[in-house]
Amino acid sequence: MEGSLEFAMNPCKVLIGSAIRQKPAILKEFLQSLMELDRTNLQTDYFFIDNNDYQESAKLLREFRMEGSTVFLGAANPTEAYRCTEETHYWNDRLIWQIAAFKDHILKFALDNNYSHVFLVDSDLVLHPLTLKQLLSSGKDIISEIFWTEWAPGTGELPQVWITGQYSFHLGGNSMPEEEKQRQAAQVIAQLKVPGIYEVGGLGACTLISAKAIAKGISYRRISNVDYWGEDRHFCIRAAVLGFGLYVDTHYPAFHIYRESLLPKVAEYKRSIKLAKKKRRENRQIKRENWQRKSSGNKLTLSMIVRNEADRYLARVLAHARQYIDEAVIIDDASIDNTADICREILQGIPLTLITQKRSTFSTEYRLRKKQWRETVKTNPDWILILDADEMFEDKVVAEMPKLINQTEFDYYAFRLYDFWDEEHYREDKFWQAHKVYRPFLVRYIPGFVYKWLETPQHCGRFPCNITELKGALSPLRVKHFGWANPQDREKKYKRYLKFDPQGVYGIKEQYESILDPAPNLVRWEE
């Protein structure tokens, strides 16, 4: 996974931190943008270090409140003048390493108090409301949101991220011809203006950092034998040495109030956000108006996540499913066997989107499920069927599935899942009663419907959690689940649940323990 186990166990507890020495007018805009951040389903607290020599700025920090959040306020005594003009900001070594110490203090506080992430933000930024949600959704241990600054008047805007060295945008060394350096730099700058997530060599000022990275030793303290200027560069060098990639997100650029003369442009920046939001809403409305439920000719897309399934049930499951599906989207979550080859072989002749991941991300399952949903939606499905690699319907599904999807009354179907303990029996006792509950496996995709997810690392559900707001129906078709049918598989799953959820936070600990019951109650399956 790209996050940490600490993040997996508590994915939504974020400490927003800033060491602040700021002019009041700029600070007001910064704090207002923090208040406007989308924090839905997140636990956020705040840690400000008051290093102000403006009394009004100190007062703004003391008065800052957010409902449902705790605001921690540390105090520092400015010992040296810090000057900002319309031309530039004047830094020296003492100021830089004082800021580094403040940032490290915030990181340590977050680690000591079990935060999953720290979001360190400079106090002269105005953030897009979706910034924090976007950075968290990336799954990266260290990622910044981009912003652009004209560092000196008339020089043109550049990002706060870079590729190599002190602040370079090319990959070659000093011996590279100047013309090639400029060509590469122009290419990088152009790419960073396209919404996306990109790996970089340096970043700062608006950075999300995972607890995993902090625990491994990430910090801003000075590296004694490195003479690069600025605490962010020492942070980035240390990150690279510790094996952490550095990334920048460019979907929701922040606005940098580098000069007081830029304050009037804050309103323009906010207007652009509102206009973009309005446009997205209008586009969704257009999709709704142009979209109609179909009573015939609906395409059924199988969506699946697989990992090291070559020697288990995958071939059997896909061979059965190909009898009634029209297309398939499969994410191979870093298999080290020939799982991908089996998918291609069994589904030959059926449109297949196969996405292979180099690193497994299942320990934060909701991220993987959201990716699965996004990739499936890209194929323009009418209906989405999500099965795991060890699940298959009873045989009558081949005749019944067209009836389910070619109608206009219902938008999802729920089915009963039977946990098989061997090839012919399913388990039924106090902790194993899945077959007594109906749960969605089949959903009509509706453009414009705002899908929401239960963002827990385990047991998050295979579909968005709000599909039950749609009109659904219960189907008598049954699903056979073979994931528990092999004793070796049961032991592996038992160990996995204990590893990722040792206290039973996301499931039932007694059920985990019952997995290894030597004499469970089994019932013979009747087709």
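Residues numbered from 1 in each chain as written. Predicted model: local features only at pLDDT ≥ 70, side-chain atom pairs only at ≥ 80, totals over all residues. Heavy atoms only, no water.

(A) The arrangement of the overall build of the protein in detail. In terms of regular secondary structure, the protein is built from 15 helices and 22 strands. Taken along its principal axes, the extent of the C-alpha atoms in the protein is 80 × 55 × 55 Å. By the burial criterion, 53% of the 527 residues in the protein qualify as buried. By sequence separation, contacts in the protein at least 24 residues apart represent 77% of the contacts at least 6 residues apart. Per element, the accessible surface of the protein, about 24,900 Å² overall, is 50% carbon and sulfur. Distance from the positive charge centre (73 side chains) to the negative charge centre (71 side chains) of the protein: 2 Å. (Helix = DSSP H or I, 4+ residues; strand = E, 2+ residues; numbered from the N terminus. Buried < 20%, exposed > 50% of the residue type's maximum accessible area, 1.4 Å probe, protein only. Contact = heavy atoms within 4.5 Å. Areas by Shrake-Rupley, 256 points an atom, 1.4 Å probe, with all protein chains shown as cover. Lys, Arg positive; Asp, Glu negative; His and termini not counted. Charge placed at Lys NZ, Arg CZ, Asp CG, Glu CD.)

(B) Representation of the sheet that holds strand β14 (residues 327–333) within the structure. The eight strands lie next to each other as β15-β14-β13-β16-β20-β18-β21-β17, forming an open sheet whose pairing is mixed. In this open sheet, the two edge strands, each paired with only one partner strand, are β15 (352–357) and β17 (391–393). Each adjacent strand pair in this sheet contributes to an overall mean axis angle of 30 degrees, direction not counted. The pairing of β14 with β15 spans six bridges and is parallel. By the bridge assignment for β15, valine 329 is matched with threonine 353. Seen against the sheet, helix α13 (residues 397–405) touches β13 (300–306), β16 (383–386), β17, β18 (412–419), β20 (438–444) and β21 (472–481) and runs at an angle of roughly 155 degrees to β21. (Pairing = 2+ DSSP bridges. Axes fitted to C-alpha atoms, helices over the stretch in contact; angles between N-to-C directions.)

(C) A look at the packing of aromatic side chains. All told, the structure shown has 33 aromatic pairs when counted by the stated rule. With a centroid separation of 5.2 Å and 50 degrees between ring planes, the pair formed by phenylalanine 420 and tryptophan 525 is classed as tilted. Of this pair, phenylalanine 420 sits in the loop between β18 and β19 (425–427) while tryptophan 525 sits in the segment after β22 (522–524), and the two are 105 residues apart along the sequence. Measuring from centroid to centroid gives 5.8 Å for tryptophan 421 and tryptophan 484, while their planes differ by 15 degrees, and the two rings are stacked. Of this pair, tryptophan 421 sits in the loop between β18 and β19 while tryptophan 484 sits in the loop between β21 and α14 (487–500), placing them 63 residues apart in sequence. By the burial criterion, tryptophan 421 is buried, and tryptophan 484 matches it. (Phe/Tyr/Trp six-rings, centres within 6.5 Å; stacked < 30°, edge-to-face > 60°.)

(D) Representation of α14 in the model. With 14 residues, α14 should reach 20 Å at 1.5 Å per residue; the first-to-last C-alpha distance of 20 Å fits that figure. Every buried residue of α14 is listed here: Asp489, Arg490, Lys493, Tyr494, Tyr497 and Phe500. For α14, the arc enclosing every buried residue in end-on projection is 150 degrees, short of the 170-degree limit, so these residues lie on one face. Facing away from the buried side of α14, by more than 90 degrees, are the exposed residues Gln488, Lys492, Lys495 and Lys499. For α14, the N-terminal cap is asparagine 486; the gap from its side-chain oxygen to the backbone nitrogen of glutamine 488 is 2.7 Å. (Expected span 1.5 Å × (residues − 1). Arc of directions from axis to C-beta. Polar contact = N/O pair within 3.5 Å; in protein donor to acceptor, adjacent residues only side chain to side chain.)

(E) Just a positive patch on the surface, in detail. Together, Lys277, Lys278, Arg280 and Arg281 make up a positively charged patch on the protein surface. Within the secondary structure, arginine 280 sits in helix α9 (residues 264–290). (Patch = residues over 30% accessible without salt bridge, like charges linked within 9 Å, V, L, I, M, F, W, Y side chains within 5 Å. Salt bridge = Lys/Arg side-chain N within 4 Å of Asp/Glu carboxyl O.)

(F) Representation of the environment of valine 450 within the structure. With respect to the secondary-structure elements, valine 450 resides in the loop between β20 and β21. A relative accessible area of 44% means that valine 450 is categorised as partly exposed. Residues valine 450 and glutamate 150 lie 300 residues apart in sequence; the distance between their C-alpha atoms is 38 Å.

(G) View of helix α6 (residues 178–192). Helix length check: α6, at 15 residues, gives a terminal C-alpha distance of 21 Å against a target of 21 Å (1.5 Å per residue), a fit within 8%. Within the span of α6, buried status applies to Lys181, Gln184, Ala185, Val188, Ile189 and Leu192. Summarising the axial view, the buried residues of α6 lie within an arc of 135 degrees, below the 170-degree limit, and thus occupy one face. Contacts from the buried residues of α6 go to β8 (142–149), β9 (158–159), β10 (197–200) and β12 (246–256).

(H) Examining the pairing of β13 more closely. Within β13, seven of the seven residues are buried, leaving the element largely enclosed by the surrounding structure. Where burial is concerned, the two faces of β13 agree: the one with Leu300, Leu302, Met304 and Val306 and the one with Thr301, Ser303 and Ile305 are both buried. Examined bridge by bridge, β13 and β14 share six bridges and lie parallel to one another. When the bridges of β14 are listed, threonine 301 appears paired with glutamate 327. Traced from β13 through helix α10 (residues 314–321) to β14, the parallel crossover comes out right-handed. (Right-handed = clockwise from strand over helix to strand, strands pointing away.)

(I) Region of interest: the pattern of salt bridges. Within the structure shown, the criterion is met by 33 salt bridges. The partner of lysine 103 in a salt bridge is glutamate 231, with the nearest N and O atoms 2.8 Å apart. Linking lysine 103 in helix α4 (residues 93–112) with glutamate 231 in helix α8 (residues 231–241), this pair joins segments that are 128 residues apart in sequence. Of the charged contacts, one joins lysine 471 and glutamate 409 as a salt bridge, the two residues approaching to 3.3 Å between their closest N and O atoms. In this pair, lysine 471 is assigned in the loop between β20 and β21 and glutamate 409 in the loop between α13 and β18, connecting sequence segments 62 residues apart. Since its relative accessible area comes to 46%, lysine 471 is described here as partly exposed. A relative accessible area of 45% places glutamate 409 in the partly exposed class. A single salt-bridge network, built from bridges that share partners, covers Glu365, Arg369, Asp388, Glu391 and Arg462.

(J) Highlighting the environment of tyrosine 412. Its place among the elements puts tyrosine 412 in strand β18. Tyrosine 412 sits 61 residues away from alanine 473 along the chain, and the two C-alpha atoms are 6.5 Å apart. Those residues in contact with tyrosine 412, other than ones at most four positions away along the chain, are Trp383, Pro440, Leu442, Val443, Ile467, Thr468, Leu470, Lys471, Gly472 and Ala473.

(K) Focus on the nonpolar core. Formed by 43 residues in total, the largest nonpolar core has its most connected members in Met304, Tyr324, Phe393 and Leu442. Those residues in contact with methionine 304 that lie beyond four places of it in its chain are Leu314, Val317, Leu318, Val329, Ile330, Ile331, Gln372, Leu387, Asp388 and Ala389. Among the nonpolar cores identified, the runner-up in size contains 40 residues, and Tyr115, Phe169, Ile218 and Cys236 belong to it. (Core = buried A, V, L, I, M, F, W, Y, C linked by side-chain atoms within 4.5 Å.)

(L) Layout of unusual backbone geometry. Its identity as a non-glycine residue notwithstanding, asparagine 114 has a phi of 60 degrees, on the positive side. Mapped onto the fold, asparagine 114 is located in the loop between α4 and β6 (117–121). Assessed through its relative accessible area of 58%, asparagine 114 is described here as exposed.

(M) Spatial organisation of the state of the cysteines. Going through the model one piece at a time under the given rule, you end up with zero disulfides. With no disulfide of its own, cysteine 236 lies closest to cysteine 206 among cysteine sulfurs, the gap being 13 Å. (Disulfide = S-S within 2.5 Å.)

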